[in-house]
Amino acid sequence: MTAATVPASLAPTRRVSPAAGLRHTVTLAWRSLVQIKHNPMELLDLSIQPVMFVLLFTYVFGTAIAGSSTEYLTFMLPGIMVQNALFATMTTGFGLNNDLTKGVFDRLRALPIARWAPLAGRILADTVKQAWSIALLLGVGSILGFRVGNGLLGVVGAFAVLLAFTLAASWISVLVGVLVSEPDKVQIFGFTVIFPLTFTSNIFVPTDRMPGWLQSWVEVNPVTVVADALRGLLVGGPVAGPVLQTLLWGSGIAVIFAPLAVRALRRRV
């Protein structure tokens, strides 16, 4: 009895063209986005929490910190956008770990697709979710009285800068998602690292109103840098310096964590 052979045209191959790899990535990204239909809480986490933060901080702390809720909203909203975007990067690691532990990632990699497509598709889908969250916050902020000072160009620039930075920061989430054994541990990492990092920045309170010993850290905190960049683009003020520093921070994070994440992923799968 002879073993059946698989025609070469049907055998899985790892050698695919960049264009085919891009198509695979878009297809897998669409798969991740379609899953929202079956798990709407995934999108609600990116929608309800940031809106609650905007409402609570604007009307509970706004008058005490800035003298009026409208002035505080103008200062705080760009920072809230940064905080929410950083927390949203954890969904990349959460989803990746979920796919790894359930064997979905292995099944995807067994298909005749680009080796990098499953990971790239996950990151692309989460970037789309990030864009939705940014647009939602801008919309809610506009209803509450936030006004963009630099027009459409400022809005586009803010989207581009924040998405570029969070795309780089998502490599940290990817590394954590690969290293931990359960998806919930990715969220634990987010709260133990990102939460204090964002609250010890100038997102909610101007740096000059903080204790002197804390101001030194706040000024070099990358979250402060990104928040200042978005304030400059959306409201007004220095733009070139904060944007350049944001891109440098993002590049540094990607250079360090992307190779570590890819290496850890190769070892795991």
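Here's what I pulled together on the structure shown here. (Residues numbered from 1 in each chain as written. Predicted model: local features only at pLDDT ≥ 70, side-chain atom pairs only at ≥ 80, totals over all residues. Heavy atoms only, no water.)

Quick word on the pattern of salt bridges
Counted under the stated rule, the structure contains four salt bridges. In this structure, Asp99 engages Arg122 in a salt bridge whose closest nitrogen and oxygen atoms are separated by 3.0 Å. With Asp99 in helix 5 (residues 90-101) and Arg122 in helix 7 (residues 117-144), this residue pair connects regions lying 23 residues apart in the sequence. With relative accessibility at 8%, the residue Asp99 sits in the buried group. What makes Arg122 buried here is its relative accessible area of 5%. Linked by salt bridges that have partners in common, Arg31, Asp99 and Arg122 make up one network. (Salt bridge = Lys/Arg side-chain N within 4 Å of Asp/Glu carboxyl O. Helix = DSSP H or I, 4+ residues; strand = E, 2+ residues; numbered from the N terminus. Buried < 20%, exposed > 50% of the residue type's maximum accessible area, 1.4 Å probe, protein only.)

A few points about a nonpolar patch on the surface
On the surface, Leu44, Ile48, Met52, Leu56, Val60 and Phe61 cluster together into a nonpolar patch covering about 530 Å² of accessible area. Tallying contributions element by element places helix 3 (residues 48-66) first for the nonpolar patch, with five residues. Mapping Leu56 onto the fold places it in helix 3. (Patch = residues over 30% accessible without salt bridge, like charges linked within 9 Å, V, L, I, M, F, W, Y side chains within 5 Å. Areas by Shrake-Rupley, 256 points an atom, 1.4 Å probe, with all protein chains shown as cover.)

Notes on the side chain of Ser170
Position of Ser170 among the secondary structure elements: in helix 8 (residues 151-179). For Ser170, the contacting residues outside a window of four places in its chain are Thr89, Thr92 and Ile123. (Contact = heavy atoms within 4.5 Å.)

Describing the packing of aromatic side chains
For the structure shown, the criterion picks out 10 aromatic pairs. Residues Phe53 and Phe57 carry aromatic rings whose centres are separated by 5.8 Å and whose planes lie at 25 degrees to one another, so their mutual orientation is stacked. Of the two residues, Phe53 and Phe57 both sit in helix 3, four residues apart, roughly one turn of that helix. Per residue, the accessibility class of Phe53 equals that of Phe57, and both read buried. Taking the centre distance of 5.2 Å and the plane angle of 40 degrees together, the rings of Phe57 and Phe61 count as tilted. Here Phe61 and Phe57 lie together in helix 3, a separation of four residues that amounts to about one turn. The exposure class of Phe57 is buried, given its relative accessible area of 14%. A network of ring pairs unites the aromatic residues Phe53, Phe57, Phe61, Phe87, Phe191, Phe195, Phe199 and Phe204 as a single cluster. (Phe/Tyr/Trp six-rings, centres within 6.5 Å; stacked < 30°, edge-to-face > 60°.)

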